[in-house]
Amino acid sequence: MSANDPRLAVTTSSVRGVVDMTHGAGGRAMAELIRDIFQRHLANEFLAQGNDAALLGTVCGRLVMATDAHVISPVFFPGGDIGALAIHGTINDVAMMGARPLWLSASFILEEGFPLAELERIVVSMAFAAREAGVPVVAGDTKVVEKGKGDGVFISTTGVGVLADGTDVSGSNARPGDAILVSGTMGDHGVAILSKRVHLDFETEIISDSQPLHDLVEAMLAAIPGIRVLRDPTRGGLSATLNEIAQQSKVGIVIREAAVPVKPEVAAACELLGLDPLNVANEGKLIVICAAQDAETLLTAIRAHPKGQDAAIIGEVVADQHALVRMKTRLGGMRVVDWIAGEQLPRIC
């Protein structure tokens, strides 16, 4: 976040102090919290209705809905925070169906004692992310739990989008012979969080890749309407997401280690920490599977977009009754890319 970022231009004089139990009790304190922080920064025509539910417009097309919970620690990290992440994550889940995100809802679980200035900073960032993406937060809720029964703030978001007729994007659509692409470097988000959590300093700061991808998806579908699969490799990283697709489509997947883009500083950090970049979470990258003959055209379209300049073709779909994901290593061998065992990076999103 630069010194000129609009998210820093916020007055917090009205929200000194900390969250207490009265902020969730339904009385004056709760009304003031909603007015001074949530309504003030998230303001839009839907929230202005002031009802228990938002009355939305009529849409033409199939509806898509996704929901997400965010418990990331720390709540502020290089390249983002829990507020922007909540917006980006849900927008991306809707976009991975090929849909255009329309509206979001957000609910907050606040722990007694959480600083109100930090809460406002989170909501300001959330509002900025929603407006930048053109997807408003139209409804919300807030609850407060006793000190020690939460961890500052948890946010749950739900998104609704519309899917155009003829678009068929699903994890079950991969076919043998298809090409597999990624939109950029792997592991940035997870390593950014871990470095902040354990107070590691690297020569080059590692920044989370948290960003909305619906505009990139729109450009991709314009170039290749027949895209088969879209997924964002969040928790569990590239390895978990490819295994999900392989099982859902009942196919095998082969990727090439040398083709998977990883920033040198992320690779170095993973080596230091004993992590595999394939297992590390991303919050602003996607996996796309398309027919092999469309791969180069799609790659060109992704690289032409500001959010896809490091895109690469990393492998192909193969016939395999065991639905295994395998990788051709740099040394010329082949190894299985399995699901991550245990919890490598807890509370990464």
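Residues numbered from 1 in each chain as written. Predicted model: local features only at pLDDT ≥ 70, side-chain atom pairs only at ≥ 80, totals over all residues. Heavy atoms only, no water.

## Overview of the pairing of strand S10 (residues 287-290)
Cut-off, in case you're wondering: Relative accessibility decides the category of a residue: with a 1.4 Å probe and only protein chains considered, values under 20% of the type maximum give buried, values over 50% give exposed, and everything between is partly exposed. Comment: elements are numbered from the N terminus, with helices defined as DSSP H or I runs of at least four residues and strands as E runs of at least two. Strand pairing is assigned whenever DSSP detects at least two bridges linking the two strands.
Here S10 shows no split at all, with Ile-287 and Ile-289 on one side and Val-288 and Cys-290 on the other all buried. Pairing between strand S7 (residues 179-182) and S10: four bridges, direction antiparallel. Each residue of the ladder has a partner; that of Leu-181, found in S10, is Val-288. Sheet analysis places strand S8 (residues 229-231) next to S10, joined by three bridges and oriented antiparallel. Within S10, the residue paired with Arg-231 across the bridge is Ile-287.

## Structural notes on the environment of Gly-161
Rule in force here: Throughout, a contact is declared for two residues whenever any of their heavy atoms are within 4.5 Å.
Within the secondary structure, Gly-161 is located in strand S6 (residues 153-163). Apart from the residues within four sequence positions on either side, Gly-161 is in contact with Arg-62, Leu-63, Val-64, Val-94, Ala-99, Arg-100, Pro-101 and Leu-102.

## As for the UniProt feature "domain: PurM-like N-terminal" (unreviewed entry) in the protein chain
Just so we agree on the cut-off: UniProt positions are given in the numbering used here, feature names are shortened, and annotations may be inferred rather than shown by experiment.
Residues annotated in UniProt with the feature "domain: PurM-like N-terminal" (unreviewed entry) correspond here to residues 50-162. Here residues 50-162 is 28% helix and 39% strand, with 25 Å between the C-alpha atoms at its ends.

## Some words on the sheet that holds strand S4 (residues 100-111)
What counts is decided by this rule: Lines fitted to C-alpha atoms define the axes here, with helix axes fitted over just the stretch in contact, and angles between the N-to-C directions of these axes take values from 0 to 180 degrees.
The four strands are arranged S1-S6-S4-S5 in an open sheet whose pairing can be described as mixed. Edge positions in the open sheet fall to strand S1 (62-70) and strand S5 (137-145), since each of these has one partner strand only. Pairwise comparison of adjacent strand axes, ignoring direction, gives a mean angle of 15° for this sheet. Bridge analysis of S4 against S5 gives eight bridges, and the strand direction is parallel. Within S5, the residue paired with Phe-108 across the bridge is Thr-142. Sheet contacts for helix H2 (residues 82-95): S1, S4, S5 and S6; angle to S1, the most-contacted strand, approximately 145°. Against the sheet, helix H3 (residues 116-133) contacts S4, S5 and S6, and its axis sits at roughly 175° relative to S4.

## Topic: the sheet that holds strand S13 (residues 334-336)
Reading across from one edge, S8-S10-S7-S11-S9-S12-S13 is the order of the seven strands in this open sheet, with mixed pairing throughout. Both outer strands of the open sheet, S8 and S13, are each paired with one neighbouring strand and no more. When the angles between neighbouring strand axes are averaged without regard to direction, this sheet yields 25°.

## Considering the domain arrangement of the protein chain
Reports often express the size of an interface as the amount of accessible area lost when the parts come together. Note the cut-off: For the domain bounds, the source is a domain assignment made automatically or taken from a database. Summed over both partners, the accessible surface that disappears when two parts come together, traced with a 1.4 Å probe, is what is meant by buried area. Any carboxyl oxygen of Asp or Glu within 4 Å of a side-chain nitrogen of Lys or Arg constitutes a salt bridge here. Two N or O atoms count as a polar contact when they lie within 3.5 Å, although within protein this holds only if one can serve as hydrogen donor and the other as acceptor, and sequence-adjacent residues are included solely when both atoms are side-chain atoms.
Per the domain assignment, the segments of the protein chain are domain 1 (6-163) and domain 2 (179-336). One C-alpha centre belongs to domain 1, the other to domain 2; they are set 28 Å apart. Each side of the interface is counted separately: domain 1 has 19 residues, and domain 2 has 21 residues. Both sides together, the interface formed by domain 1 and domain 2 hides about 1,700 Å², and carbon and sulfur atoms give 65% of it. The largest per-residue losses of area from domain 1 upon contact with domain 2 belong to Pro-78, Asn-92 and Met-96, which jointly make up 37% of the total buried on that side. Seen at the junction of domain 1 and domain 2, the total is zero salt bridges. Viewed at the interface, domain 2 and domain 1 are joined by seven residue pairs in polar contact (both at pLDDT 80 or more). Secondary structure elements with two or more residues in the side of domain 1 that touches domain 2: strand S2 (76-77) and H2. The element that contributes the greatest number of residues to the side of domain 1 that touches domain 2 is H2, accounting for seven residues.

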